[in-house]
Amino acid sequence: IIRKGKRVYSHPQKNVSKREINEEAYHKRTHVSYLKNNDIFNVRLLKDGQIFNLKYDGRVFKDLKVASFSKVQTINAAMAFIVCLNEGVEIKRIRKGLIKPLKGRIEIINNKLVLDVAHNSSSLIELKSTLKKIFPGKKFNVMFATQKTKDIKEMSKIINRMAKKVFLVDLDSEIFYSPKDISTF
């Protein structure tokens, strides 16, 4: 969302998207700051998340801890850090906020269960990549349900590549595929 006169912060973008964002920002007389791919560096995996360093505005912020294992969530955490910093929030408070776990986002429960509400193909690809990093060589039992507005064919391909077994969940709602519908993919 780009508002007139309000600064915009964005994660790394492809050139096509960047052009569109810049054009909209120009019309709304505002400036866009983009996080670059190499602004997040020295990412280290921990048992309860990740630590990373962030370059921003000529400064380096070291050892930012995030309670997430996903690359996308680390980028989101860096963006949140930058926005909070620009809004005058104390660095100590920002750091404290980053370490709070995100419920339902690659949430590891009792080292046995991974809860993730991946809601499209992109988030499933990210989930698969993250699980490979945390649990190399493992396949998983997957419980799955999805809305009828989603690309069930693509999502099914991704899940089948990462799953040992797939359990289809019936959410008994008109907006979700039934297990019978999903099983045809």
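The paragraphs below set out a description of the structure included in this document. Remember, it's a predicted structure, so these values are computed and weren't measured experimentally.

**Section: the pairing of strand 4 (residues 49-56)**
Consideration 1: Extensive coverage of strand 4 is indicated by the burial of 7 of its 8 residues.
Consideration 2: As defined by bridge partners, strand 3 (residues 40-46) adjoins strand 4 across 5 bridges and the pair is classed as antiparallel. The partner of Phe 41 across the bridge, within strand 4, is Asn 53.
Consideration 3: Here strand 3 hands over to strand 4 after 2 residues, the two strands then running antiparallel side by side.
Consideration 4: Taken together, the 6 bridges between strand 4 and strand 5 (residues 59-66) define a ladder with antiparallel strand orientation. Bridged to Tyr 56 within strand 5 is Arg 59.
Consideration 5: The antiparallel hairpin formed by strand 4 and strand 5 contains 2 residues in its connecting segment, where Asp 57 sits at a positive phi of about 55°.

**Notes on the environment of Arg 105**
Consideration 1: Note on placement: Arg 105 falls in the loop between helix 3 (91-98) and strand 6 (107-109).
Consideration 2: C-alpha of Arg 105 to C-alpha of Ala 67: the two residues are 38 residues apart in sequence and 9.8 Å apart in space.
Consideration 3: Those residues in contact with Arg 105 that sit more than four places away from it in its chain are Gln 73, Leu 115, Asp 116, Val 117, Ala 118 and His 119.

What counts, and where the lines are drawn
- Residues numbered from 1 in each chain as written.
- Predicted model: local features only at pLDDT ≥ 70, side-chain atom pairs only at ≥ 80, totals over all residues.
- Heavy atoms only, no water.
- Buried < 20%, exposed > 50% of the residue type's maximum accessible area, 1.4 Å probe, protein only.
- Helix = DSSP H or I, 4+ residues; strand = E, 2+ residues; numbered from the N terminus.
- Pairing = 2+ DSSP bridges.
- Contact = heavy atoms within 4.5 Å.

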